[in-house]
Amino acid sequence: MNAVLVDDDQLNIELLKNLLRKYCPSVHVVGAAESVDEALEVIIKEQPDVIFLDIELHNLTAKDLLNSINLESLQVIIISAFEKYALEMHKYPVTDYLLKPLLIPDLIAAVNKAGKQIEKLKLQELSNAKQSLSQYIALPEKDHMNITNMDEIIRFEAMSNYTKIMTKEDKFVISSKTLKEYEELLPRNKFIRVHNSHIVNNLFVSKT
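Numbering of residues starts from 1 in each chain and follows the order in which that chain's sequence is written. Thresholds applied to this predicted model are a pLDDT of at least 70 for local features of residues and 80 or more for the giving and counting of side-chain atom pairs; totals over whole chains, interfaces and linings are not thresholded and use all residues. Side-chain measures were taken over the full set of non-hydrogen atoms in the model, leaving aside hydrogen atoms and water.

## Examining the overall build of the chain
Going along the chain from the N terminus, every DSSP run of H or I of four or more residues is numbered as a helix, and every run of E of two or more is numbered as a strand. When helices and strands are counted, the chain shows six helices and 14 strands. Against the 2.2 N^0.38 benchmark of 17 Å for 208 residues, the chain shows a C-alpha radius of gyration of 27 Å, more extended than a compact globule. The buried label goes to any residue with under 20% of its type's maximum accessible area, the exposed label to any with over 50%, and the partly exposed label to all in between, with areas taken from a 1.4 Å probe on protein chains only. A burial count over the chain gives 35% of its 208 residues as buried. Reported accessibility uses the Shrake-Rupley method at a 1.4 Å probe radius. Residues are deemed covered only where the shown protein chains occlude them. When the accessible area of the chain is evaluated, it comes to approximately 12,900 Å², of which 51% is carbon and sulfur surface. Charge separation in the chain, taken as the distance between the mean sites of 24 positive and 30 negative side-chain charges, equals 10 Å. Values of the radius of gyration come from C-alpha atoms, whereas the globule rule sets the reference at 2.2 Å times the count of residues to the power 0.38. This count recognises Lys and Arg as positive and Asp and Glu as negative, with His and chain-terminal groups excluded. Charged side chains are reduced to one point each, which is NZ for Lys, CZ for Arg, CG for Asp and CD for Glu.

Take a look at the structure:
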């Protein structure tokens, strides 16, 4: 996982780099910063998976940074000498809160927790991408296939060994696939076979 280290003390940054290199080889440090403004620049440029963040950063705090960045897919591990900020930091999606001086088992546990969260987010993104792709179907159009959103299709009509497909724009295409083949491809929660010759989109079924 790619990481950015944020601490107003360069010695603390170097110490954390060494600890991560030695005990958490899965972490690749891609940048470091000693202030909120510098951290913003580095995070925007490097797009890390995780940031290791000190609380007090000169005249600002970790809150000033967290309020300025998108935390949706970013893991945040707080490393502070002060326990008093722990409750306040729970208002943010913080992965872990570690106290200085750092204990190696705590650092390893925090990195493992962040790794699991990152993997979970990647799986969710993959699932969302697959779900999005499943909303489309390839329809024949002259000499190419037209990728069409299923919500644009009104109905499928059997024509012997062919299928006539009607779309919202009152356009239609003729496919060499049979209605049965389309029935097996289409999601049952979207399309209903209302007749031997017709499959209709639920969105266009009027209830009387």
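Still more to cover.
## Side note on a nonpolar patch on the surface
Patch members must show over 30% relative accessible area and no salt bridge, and they are joined within 9 Å when carrying like charges or within 5 Å when they are nonpolar side chains of Val, Leu, Ile, Met, Phe, Trp or Tyr. Any carboxyl oxygen of Asp or Glu that lies within 4 Å of a side-chain nitrogen of Lys or Arg is treated as forming a salt bridge with it. There is a patch of nonpolar side chains on the surface, built from Met159, Tyr162, Phe172 and Ile174 and spanning about 400 Å² of accessible area. Its location among the elements puts isoleucine 174 in strand S12 (residues 172–175).

## Observations concerning helix H1 (residues 10–23)
The span you would expect from a helix comes to 1.5 Å times its residue count less one. Over its 14 residues, H1 extends 20 Å from the first C-alpha to the last, a length consistent with the 20 Å expected when each residue adds 1.5 Å. Taken together, the buried positions of H1 are Ile13, Leu16, Leu19 and Leu20. End-on view of H1: buried residues confined to an arc of 130°, all on one side of the axis. Projecting away from the buried face of H1 at angles above 90 degrees are the exposed residues Leu11, Arg21 and Lys22. The reported arc concerns the directions from the helix axis to the C-beta atoms and nothing else.

## A short note on the layout of surface pockets
Put plainly, a pocket is an open set of points on a 1 Å grid over the protein atoms alone with protein on both sides within 12 Å along at least five of seven lines, a cavity is a set where a 1.4 Å probe fits but cannot get out, and a lining residue has an atom within 4 Å of a point. Grid points are joined across faces, edges and corners, and a volume is the space filled by probe spheres set on the points. What the largest pocket holds in volume is close to 280 Å³. Of all elements in the fold, only helix H2 (36–46) and helix H5 (104–133) reach the threshold of two or more residues within the lining of the largest pocket. Element by element, the count of residues in the lining of the largest pocket is highest for H5, at four residues.

## Focus: the sheet that holds strand S13 (residues 191–195)
A pair of strands is treated as paired once DSSP finds two or more bridges between them. Spatial strand order, S12-S11-S10-S14-S13: five strands in an open sheet with antiparallel pairing. One side of each edge strand has no neighbouring strand; the edge strands of this open sheet are S12 and S13. Ignoring strand direction, the axes of neighbouring strands in this sheet form an average angle of 20°. The pairing of S13 with strand S14 (residues 198–201) spans four bridges and is antiparallel. Across the sheet, the residue bridging to isoleucine 192 is valine 200, located in S14. Interaxial angles span 0 to 180 degrees and are taken between N-to-C directions of axes, which are lines fitted to C-alpha atoms, for helices over the stretch in contact.

## Quick look at unusual backbone geometry
Here lysine 100 and proline 101 are connected by a cis peptide whose omega angle stands at -5°. With respect to the helices, strands and loops of the structure, proline 101 is situated in the loop between strand S7 (96–99) and H5. Residues other than glycine seldom take positive phi values, yet histidine 58 does so here, at roughly 60°. Residue classification places histidine 58 among the exposed positions, given a relative accessible area of 53%. Positioned with a positive phi, serine 160 is a non-glycine residue whose angle comes to about 60°. One can find serine 160 in the loop between strand S10 (153–159) and strand S11 (162–167).

## Regarding the environment of lysine 17
Mapped onto the elements of the fold, lysine 17 is located in helix H1. Given the relative accessible area of 23%, lysine 17 is considered partly exposed. Along the sequence, lysine 17 and glutamate 72 sit 55 residues apart, while their C-alpha atoms lie 25 Å from each other. Ignoring any residue separated from it by four or fewer positions in sequence, one finds lysine 17 in contact with Leu5 and Val29. Residue contacts are defined here by distance: any two heavy atoms, one from each residue, within 4.5 Å place the two residues in contact.

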